[in-house]
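Each chain, written out:
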Protein chains: 2
Amino acid sequence: MTNGCRHFRSDPPRIGILGGGQLGRMTALAAIRMGVSVRTLSPESSAPVEGLGESMTGDWTRTEVLESFAGGCDVITVESEWAPADLAARIVGPDIPVLPRPRTLEQIRHKGVQKDLLLQAGIPQAPYRRCESIEEAQQAAAELGYPVVLKKYQGSYDGYGNALANSESEIRSLWPLLSGPDGILVEGWIDFKREIATLVARRPGGEGVIYPLVDTIQRDHRCHAVLAPGSSDSEITSRARDLAVRCAEAVDSVGILGVELFETRDGSVLVNELAPRPHNTGHYTIEACHTSQFENHVRAILDWPLGNPDLIVDAAVMVNILGRSDSKVSLESIPDALQEHSGSIHIYGKTDSRPGRKMGHVTVTASDTESARRYAESIVSRILI
Amino acid sequence: MTNGCRHFRSDPPRIGILGGGQLGRMTALAAIRMGVSVRTLSPESSAPVEGLGESMTGDWTRTEVLESFAGGCDVITVESEWAPADLAARIVGPDIPVLPRPRTLEQIRHKGVQKDLLLQAGIPQAPYRRCESIEEAQQAAAELGYPVVLKKYQGSYDGYGNALANSESEIRSLWPLLSGPDGILVEGWIDFKREIATLVARRPGGEGVIYPLVDTIQRDHRCHAVLAPGSSDSEITSRARDLAVRCAEAVDSVGILGVELFETRDGSVLVNELAPRPHNTGHYTIEACHTSQFENHVRAILDWPLGNPDLIVDAAVMVNILGRSDSKVSLESIPDALQEHSGSIHIYGKTDSRPGRKMGHVTVTASDTESARRYAESIVSRILI
């Protein structure tokens, strides 16, 4: 046993990942590269992790399924805040840590709880109200000023579950779509200058590293592109990174914490949302940083020393490959896309495509973000998957 | 069908890899990242590729084993020149290409045939004689001048199968260890300034790209470290790269061809040896180049456009992790090794370690090769696997 790290029952250690999508896939690939064993569990057959380590399929709300999954794992992690981490933790007890901790996931999963927690920690964010009725929401909007953003508390992702409301009647019509049993989150609209993001990797004892600040470009409420390094000035960059570290401390995160922020036109920095796991805004780190977000997630949950998060290139741009139609996945367009310029193409191994579904991504490294983006967009525009 | 590329029966295409060691493993990882399906076949249970795609074990000299392996593959490649590519090609016929072509493997596998071929192509190399008896070898040594290098024609790797002889009596005592049915290769000793290497990636139609020239550092006749970029001047670098391309043309390679060369003290460049596959001297390309040797090997055998082989960093150094004793593999020393500095650690997933066995490697990128090497050596020195 060295440098205070945990001692594992298996050697090489085995990590269990609850989830079988692209985040589980890329986490598994990072672990396998280091010789770490991987087991995944997903509720349904999950092509992205099939053929990577040991992939199990089963109803992960059932005790016996989780027990058989956890047996022989040294640590369990999640691909998303919706995985049954609390149930897993209750079943496997303190023997096998579940990291990030279920409490962290709980605090982040519910947007109202997340905002309250960040408020208590004194972290600047968009003004908001938790509203239990349409009338409360309309009242909140009057106070915050239109337009407001209505957010579903739980289960929203990639723009599903958020909507802009410009009037009382719009709030009324959106209410049934977005409200849960405890209502809805109403947020003041931020006239931001740019959307920015970073990642914090953190070990169980709190030692952490922070990734470069990046610009994120959204289209149709979905992450379209990530530009590294971001274009904020050094003062904004340093404030944003400080805030991200404070967020990681506030939720006591372990592994990667994705932090999305706004730089506003009047020069303030607000935290927008947290994600307690490797994040789409960090995929560029695979090619562009000394240590990728996936590798540092694995290192963190194993309580291994973290790797250097700094860029090894001047600039990198990641562009998502989204499905365009309901169809079986085809790689037929890849050779044509590769012809134009060199980029690192990641295809997630999903068997079915559908409009807007994240099917893969491309990262291009270059001497500046403009040319990297031009090349990346050009490659992605030719991929029909 | 786009840009003249082959059309595949499966979509995504499936590549079959004959071999289950670290080269197959890293090739599989590159393919999987791009969404390409992978099947491997090894003669015995092969931990490095287990849990990566579909790994088959069986006697690959048997027709029915090769048939069942090849069924559903779109192209078959090899991890080493010793894999039964010719048998596979005879069985699967022209339907499923075997790439690199069996003829290329045949020409490279036998060191005498390889040297004759390069000689015919006018490629400079160390002077040599193919000798069928001890007396012929002693005669050759007298002509070439002592010391001479005795080389086994087939089956040598990592320094096994080569030896320096300083006298007639040493030739006599080495003969039984190194000679085959058709004798032995006797080579003049080259008083080289440095050992250098590069990689050529080539598509079936001959379009190719060439990787940077690197310095290779041998210890005990094994590759210890690779420094990219190499330290040869630009004229030597350009001559070495030209020679490598001519070698690729001479053997009509498809996929990666590793080319090891000497820069001599009198400023000439000689080709030392070819390897018709991803090569240990190219592992640094995973982190340090736009497109790794493994990705370009996959692209080449699929007849996809090749990626940019250039460095994306100023410098990178790879150091091999060799086994130190006969033991079960343990990752217990990894956290301590990671503590010192960030490097990208690759552990090949072998279950047993033995002295000198290639167990993994570390790549460090930095602004110059000296500091990259210092960090990489320091990490590797702490790994006891």
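Everything discussed here concerns the structure shown above.
From a predicted model like this one, the values you see are computed outputs, not experimental measurements. (Residues numbered from 1 in each chain as written. Chains lettered and ligands numbered in written order. Predicted model: local features only at pLDDT ≥ 70, side-chain atom pairs only at ≥ 80, totals over all residues. Heavy atoms only, no water.)

Visitor: Got a minute to help me understand the pairing of strand β14 (residues 269-275) of chain A in this structure?
Guide: Here is the key point about a regular strand: its side chains alternate between the two faces of the sheet. Residues and elements named next belong to chain A. Extensive coverage of β14 is indicated by the burial of seven of its seven residues. In terms of strand pairing, strand β13 (residues 255-264) meets β14 through six bridges, oriented antiparallel. Residue pairing across strands places Glu 260 opposite Glu 273, the latter belonging to β14. (Buried < 20%, exposed > 50% of the residue type's maximum accessible area, 1.4 Å probe, protein only. Helix = DSSP H or I, 4+ residues; strand = E, 2+ residues; numbered from the N terminus. Pairing = 2+ DSSP bridges.)

Visitor: I tried to follow the side chain of Asp215(A) on my own but got confused; where do I start?
Guide: You can see Asp215(A) is positioned in strand β11 (residues 214-219). Discounting residues that sit within four places of it in the chain, Asp215(A) has contacts with Arg194(A), Glu195(A), Ile196(A), Ala225(A), Val226(A), Leu227(A), Gly230(A), Ser231(A) and Ser232(A). (Contact = heavy atoms within 4.5 Å.)

Visitor: What should I look at first to understand the interface of chain B and chain A in this one?
Guide: How big an interface is tends to be reported as the loss of accessible area on association of its parts. Facing 45 residues of chain B, the contacting portion of chain A comprises 45 residues. Where chain B abuts chain A, roughly 3,800 Å² becomes buried across the two surfaces, and 54% of that area is made up of carbon and sulfur atoms. The interface formed by chain B and chain A includes zero salt bridges. Between the two partners, chain B and chain A, sit 16 residue pairs in polar contact (both at pLDDT 80 or more). Take the side of chain B that touches chain A: its biggest share by element is five residues, from helix α11 (residues 334-340) of chain B. Residue classes in the side of chain B that touches chain A are distributed as 20 nonpolar, 17 polar and eight charged. (Buried area = accessible area lost by both parts, 1.4 Å probe. Salt bridge = Lys/Arg side-chain N within 4 Å of Asp/Glu carboxyl O. Polar contact = N/O pair within 3.5 Å; in protein donor to acceptor, adjacent residues only side chain to side chain. Nonpolar A, V, L, I, M, F, W, Y, C, P; charged D, E, K, R; others polar.)

Visitor: When you look at the relation of the copies chain B and chain A in this model, what are you seeing that I'm missing?
Guide: Between the two copies, chain B and chain A, the superposition gives an RMSD of 0.0 Å; the rotation angle is 180 degrees and the shift along the axis is 0.0 Å. Given the turn and translation reported, the copies of this chain are related as if by a two-fold rotation axis. Across chain B, the smallest distance between a C-alpha and the rotation axis is recorded for Leu52(B), namely 2.5 Å. A shared interface surface links the copies, since 100% of the contact residues of chain B are contact residues in chain A too. (Least-squares fit on C-alpha atoms with pLDDT ≥ 70 in both.)

Visitor: Even after reading the chapter, I still don't get a negative patch on the surface, so can you show me in this structure?
Guide: All names here are of chain A. Taken together, the side chains of Glu 132, Glu 135, Glu 136 and Asp 182 define an acidic patch exposed on the protein surface. Secondary-structure assignment places Asp 182 in the loop between α7 (168-178) and β8 (184-188). Taking the relative accessible area as the measure of exposure, Asp 182 reaches 32% and is therefore partly exposed. (Patch = residues over 30% accessible without salt bridge, like charges linked within 9 Å, V, L, I, M, F, W, Y side chains within 5 Å. Areas by Shrake-Rupley, 256 points an atom, 1.4 Å probe, with all protein chains shown as cover. Lys, Arg positive; Asp, Glu negative; His and termini not counted. Charge placed at Lys NZ, Arg CZ, Asp CG, Glu CD.)

Visitor: Explanation requested: the sheet that holds strand β7 (residues 162-165) of chain B in the structure shown.
Guide: Paired through their backbone hydrogen bonds, the strands of a sheet run either parallel or antiparallel. Residue and element names in this part refer to chain B. As summarised here, the arrangement of the four strands in space is β5-β8-β6-β7, forming an open sheet in which the pairing is antiparallel. Looking at which strands have only one partner, the edges of the open sheet turn out to be β5 (128-131) and β7. Sheet twist, expressed as the average angle between the axes of neighbouring strands with direction ignored, equals 25 degrees. Alignment of strand β6 (residues 148-151) against β7, held across four bridges, turns out to be antiparallel. Opposite Lys 151, over in β7, you have Asn 162 as the bridge partner. Where helix α6 (residues 134-144) meets the sheet, it contacts β5, β6 and β8 (184-188), and its direction lies at approximately 170 degrees from that of β5. Against the sheet, helix α7 (residues 168-178) touches β5, β6, β7 and β8, its axis set at about 170 degrees to β7. (Axes fitted to C-alpha atoms, helices over the stretch in contact; angles between N-to-C directions.)

Purely geometric stuff here, so don't read any function into it on its own.
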